[in-house]
Amino acid sequence: MPRQDLLMEISQQVFEMVITPEDRLGSRCLLLLVLLLPAWEAGSGQIHYSVPEEVKHGTFVGRIAQDLGLELAELVPRLFRVASKGRGDLLEVNLQNGILFVNSRIDREELCGRSAECSIHLEVIVDRPLQVFHVEVEVKDINDNPPVFPVKDQRISIYESRLPDSLFPLEGATDADIGSNSILTYKLSSNEYFALDVKTNSDDSTQIGLVLRKSLDREKAPEHNLFLMATDEGKPELTGTVQLLVIVLDVNDNAPSFGQSEYEVKIFENSDNGTIVIRLNASDRDEGVNGEVSYSFNSLVPPIVSDQFRIDPQTGEIVIKGNIDFEKVNLYKIRIDATDKGHPPLAGHCTVLVKILDENDNVPQIALTSLSLPVREDAQFGTVIALLSVSDLDSDANGRVTCFLTPDVPFKLVSTFKNYYSLVLDSALDRESVANYELVVTARDGGSPPLSATVSVSVDVSDVNDNAPTFAQPEYTVFVKENNPPGCHIFTVSARDADAQENALVSYSLVERRVGERALSSYVSVHAESGKVYALQPLDHEELELLQFQVSARDAGVPPLGSNVTLQVFVLDENDNAPALLPPGPGGGAGVVSQLVARSVGTGHVVAKVRAVDADSGYNAWLSYELQAAAGAARSPFRVGLYTGEISTTRALDEADAPRQRLLVLVKDHGEPALTATATVLLSLEDSGQAPKASSRASAGVAGTGTALVDVNVYLIIAICAVSSLFVLTLLLYTALREALTTQLIQDVTNILNAMYYIEKMF
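Each chain carries its own residue numbering, running from 1 in the direction its sequence is written. This being a predicted model, a pLDDT of at least 70 is required before a residue's local features are given, and a value of 80 or more before pairs of side-chain atoms are given or counted; all residues contribute to the totals for chains, interfaces and linings. No hydrogens and no water enter the side-chain calculation; it runs on all heavy atoms of the structure.

Considering the overall build of the protein chain
As a reminder of what qualifies: Here a helix means four or more residues in a row that DSSP labels H or I, a strand means two or more in a row labelled E, and each is numbered from the N terminus. Whether a residue is buried, partly exposed or exposed follows from its accessible area with a 1.4 Å probe, protein chains only, as a fraction of its type maximum: under 20%, in between, or over 50%, in that order. Computed by Shrake-Rupley with a 1.4 Å probe, the accessible areas treat only the displayed protein chains as cover when residues are assessed.
When its secondary structure is counted, the protein chain shows eight helices and 51 strands. Out of the 763 residues in the protein chain, the part that is buried amounts to 42%. Accessible surface, the protein chain: about 40600 Å² in total, of which carbon and sulfur atoms supply 53%.

If you want it as structure tokens, here you go:
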């Protein structure tokens, strides 16, 4: 390498060390540079120095006096001075030490512009003798100027329709430095749309531009802010930046668009005309007329929509213009077009679903689809009586129908399917209690207020033979006078059957049994239809006082049912038996009484007794006695007891009385008409001394017997009177209250009558 080049390289390295901010050893480097350069200049015949630009005041440049061979002591005497052509006082020499130093700021770009070489030529003049020296001080460039763009920001307008790879020129940056300090590289801020294109021309100039990498969309990004940075190759690197504002110009490439592809609106049916359903808003990302939107129904919208709705072209309001009925149409699907005014026009679309909300404006409907009538009263629980269905044209709660029965009845509604019901039997039926039910089925919806409908169902209950004929009483007492004519009607039994038709047809019959040696049917009969009971032959109280038998009542049902009633037929006594005289003793004839009477007996002495009985009973058997006076005879000293039949003296007997007395005693019952019998009493009067003891005993016996008979007759009379009084009173009460008495009361009266009868018979 030539010596000159080697020195230049060393000086350059020293210079770089001087301007490095981190290195503060500049003075030593400059000293080395000053020592090397004069040696090189001495060989070339001219002193050459170099100094970096922008160094500080006082910076050492070179030992100019020493390099020129001048002594320091002679600098002042010889008028040492430095002259520079038009450079002013950039450099100065210290006359004390002969050092050339920087006196003021040196700007290479100001001195030399973009010239590759920049030097300051100095003329050093000394007198005594006059000498002129030429000194060249080279000003070295440092990287003190960043790249500079001609404007702060560059605006580039690009249509969004430009295709990728399109190139858009840019203004590059300039750098006032030279050499590597002025060599620029460009870098574009990161983005997805643009890339930087850098080309070097034949004249080594650089041409830059933006290359479109991806299609633009003004609606997404109407402008793009980019930064272009230019960096030189100096050390340290300096940069310059310019803002690139890419404005994307609109073309009609966007159709109007709605916020949603489908809108859902709910309105109530029967809404007034003019009611706003929805206000649509379509946006067009284009500008100007390209973004002006008008609204209309799509051409495919059916007439049912256009008849019910209209749309305002400017505001996008859809309003009602017809009658909205949920039951006819509950959903409208409306296709809407939004068209801009670009060339050609573009259109956006959406669908509006108008759901009609139901109002409770329809009453439920009830339909009876099947009836199974009448219903047997023995039908099982759950038997289906009728099928019915309900419907309501409304929906949701307004169309949700519930059914119920009013009033409470032995039926219920069972839901078999949605809105289908079965009317079924819920409890036992009894036709005899209720033969017909008027059911009211109510269907009520869940609207507010609820609407309801009713339908009436008449349910007839058909009869089954579940009731046996029943009598009003389990037992009847019948009183029949004896000696009745054959075939006379003595009583009528009546049984009631709560069933209907043939199940209620009752027939009567006797429950056959033996009465003594004879069959019951020989005494009585009963008419099968009327229930009348007839006596087939005359009844004799003395033979049969009570005839007790049962009558059966049976209906005509299948199977037939029946029940029995007991009849107690009391045969009432008739006065058909005359009193019968009893013999006075063993061997005595009936109707004749013979008795010995002492003349000494006193007044009231019972001397004989007439005894008689009557086969009848009651009053008919109540006997009375009376003494019949003989025609033309004197007054008898005897009398007879009215009810006792005892013959007693009415006075003391005397000699005038005939020794033989014949008395006629008439015995009479109380029947109607009364029947009588006559007893003859023969009395023989004897003196007291002649009366045998036997006669006395007989008298005593007669007296004792008479006393007993008197007691019996008294009791009989009392009993007959009491029983007769009770009997008459009972008959009167029975007759007056017969219609109002209950079954139990009638039975009680019957029992009383029976008791009275037996009391009478006992006596």
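From this point, things continue past the structure.
Digging into the sheet that holds strand 17 (residues 276–279)
Heads up, the rule is: At least two DSSP bridges between two strands are needed for those strands to be called paired. Each axis is a line fitted through C-alpha atoms, taken for helices only over the stretch in contact, and angles between the N-to-C directions span 0 to 180 degrees.
Pairing in this open sheet of three strands is antiparallel, and the strands run 17-21-20 from one edge to the other. Looking along the sheet, the strands with just one partner apiece sit at the ends: strand 17 and strand 20 (309–311). Shown here is a sheet whose adjacent strand axes are inclined to one another by a mean of 15°, direction ignored. Of the strand pairs in this sheet, strand 17 and strand 21 (residues 317–320) are connected by three bridges, and their pairing is antiparallel.

Comments concerning the environment of Lys418
Within the secondary structure layout, Lys418 lies in the loop between strand 28 (411–417) and strand 29 (420–425). The spatial distance from the C-alpha of Lys418 to the C-alpha of Ser389 is 8.8 Å, given a sequence separation of 29 residues.

Looking at the sheet that holds strand 45 (residues 606–609)
The sheet built from three strands is open, its strands ordered 45-49-48 with antiparallel pairing. The sheet terminates laterally at strand 45 and strand 48 (638–640), the two strands that pair on one side only. Across the sheet, the mean angle separating the axes of adjacent strands is 25° when strand polarity is ignored. Two strands pair when backbone bridges link them, and strand 45 and strand 49 (residues 646–649) are joined in this way by three bridges, in the antiparallel orientation. Pairing of Val606 across the sheet is with Ser648, part of strand 49.

Quick look at the state of the cysteines
For clarity, the threshold we go by: Note on disulfides: each one is a pair of cysteine sulfur atoms within 2.5 Å.
Within the structure shown, the criterion is met by one disulfide. Across the disulfide, Cys112 is cross-linked to Cys118 (sulfur-sulfur distance 1.7 Å). Disulfide Cys112-Cys118: torsion about the S-S bond near 70°, hence right-handed. Note on accessibility: Cys112 and Cys118 belong to one class, buried.

Things to note about a nonpolar patch on the surface
Spelled out, the test is: Patch construction takes residues with relative accessible area above 30% that form no salt bridge. Like charges are linked within 9 Å, and nonpolar side chains (Val, Leu, Ile, Met, Phe, Trp, Tyr) are linked within 5 Å. We define a salt bridge as a contact between a side-chain nitrogen of Lys or Arg and a carboxyl oxygen of Asp or Glu at a distance within 4 Å.
A surface patch of nonpolar side chains, amounting to about 340 Å² of accessible area, comprises Phe727, Val728, Leu731 and Leu732. Relative to the helices and strands, Leu731 is located in helix 7 (residues 693–737). With a relative accessible area of 33%, Leu731 lands in the partly exposed category.

Here we look at the pattern of salt bridges
According to the stated counting rule, one finds 22 salt bridges in the structure shown. The closest approach of N and O atoms between Asp141 and Arg108, which form a salt bridge, is 3.3 Å. A residue pair is termed long-range when its members are at least 10 positions apart, and Asp141 in the loop between strand 7 (131–140) and strand 8 (153–159) and Arg108 in helix 4 (residues 108–112) qualify at 33 residues. Close ionic contact of Glu317 with Arg279 constitutes a salt bridge, the shortest N to O distance being 2.1 Å. Within this pair, whereas Glu317 is found in strand 21, its partner Arg279 is found in strand 17, the two being separated by 38 residues in sequence. Three or more residues joined by partner-sharing salt bridges are found here, namely Glu54, Arg105, Asp107 and Glu110.

Here's the deal with the packing of aromatic side chains
The geometry of an aromatic ring pair is captured by the separation of the ring centres together with the interplanar angle, meaning the angle of the planes. The cut-off we apply is this: Side-chain rings of Phe, Tyr and Trp, where Trp is taken by its six-membered ring, are said to pair if the distance between their centres is within 6.5 Å; with planes under 30 degrees apart they count as stacked, over 60 as edge-to-face, and otherwise as tilted.
Summed over the entire model, instances satisfying the criterion amount to 10 aromatic pairs. For the ring pair Trp622 and Tyr643, a centre distance of 5.4 Å and an interplane angle of 20° mean the geometry is stacked. A residue pair is termed long-range when its members are at least 10 positions apart, and Trp622 in the loop between strand 46 (612–613) and strand 47 (623–628) and Tyr643 in the loop between strand 48 and strand 49 qualify at 21 residues. Owing to a relative accessible area of 28%, Tyr643 belongs among the partly exposed residues under this scheme.

Details of the pairing of strand 16 (residues 262–268)
Side chains Tyr263, Val265 and Ile267 project from strand 16 onto a buried face, and the interleaved Glu262, Glu264, Lys266 and Phe268 project onto a face without burial. Sheet topology places strand 16 next to strand 23 (residues 347–357); seven bridges connect them, and they run parallel. Residue pairing across strands places Lys266 opposite Lys355, the latter belonging to strand 23.

What about the side chain of Asp499?
Under the convention used in this document: Positive charge is attributed to Lys and Arg, negative charge to Asp and Glu, and no charge count is given to His or to the chain ends. Here a polar contact means two N or O atoms within 3.5 Å. Within protein one must be a hydrogen donor candidate and the other an acceptor candidate, and residues neighboring in sequence count only if both atoms are side-chain atoms. When checking whether two residues touch, look at their non-hydrogen atoms; a contact exists if any pair is within 4.5 Å.
Tracing the backbone shows Asp499 in the loop between strand 35 (495–496) and strand 36 (506–511). For the buried Asp499, no salt bridge exists, and the shortest N-O distance to an oppositely charged side chain is 4.9 Å, to Arg431. A distance of 2.9 Å separates the side chain of Asp499 from the side chain of Asn467, its partner in a polar contact. Those residues within four positions of Asp499 in sequence are excluded, and the remaining contacts are Glu377, Arg431, Glu432, Asp463, Val464, Asn465, Asp466, Asn467, Ala504 and Asp555.

With respect to the environment of Asn330
As for its position among the elements, Asn330 is in the loop between strand 21 and strand 22 (331–340). Here Asn330 falls in the partly exposed class, since its relative accessible area comes to 42%. Along the primary structure Asn330 and Lys355 are separated by 25 residues, whereas in three dimensions their C-alpha atoms are 6.0 Å apart. Apart from residues lying up to four places away in sequence, Asn330 is in contact with Val354, Lys355 and Ile356.

Notes on the nonpolar core
As a reminder of what qualifies: The set of buried Ala, Val, Leu, Ile, Met, Phe, Trp, Tyr and Cys residues whose side-chain atoms join them within 4.5 Å is what this entry labels a nonpolar core.
If you look at the biggest cluster of nonpolar residues, it comprises 29 residues, and the most contacted ones within it are Val493, Phe549 and Leu567. Of all the secondary-structure elements, those providing two or more residues to this core are strand 33 (475–481), strand 34 (488–492), strand 36, strand 39 (524–526), strand 40 (532–535), strand 41 (546–555) and strand 42 (562–572). Once residues within four sequence positions are removed from consideration, Phe549 is found in contact with Leu510, Arg513, Leu520, Val524, Val533, Val565, Thr566, Leu567 and Val569.

Some thoughts on unusual backbone geometry
A cis amide bond links Arg128 with the next residue in sequence, Pro129, at an omega value of -5°. Its location among the elements puts Pro129 in the loop between strand 6 (119–126) and strand 7. In the segment running from Ser448 into Pro449, the intervening peptide bond is cis, with an omega of 0°. Although it is not a glycine, Asp165 sits at a positive phi angle of roughly 75°. Relative to the elements of secondary structure, Asp165 occurs in the loop between strand 8 and strand 9 (167–170). Residue class for Asp165 comes out exposed when judged on its relative accessible area of 63%.

From the geometry alone we can't say anything about function, so treat these as descriptive.
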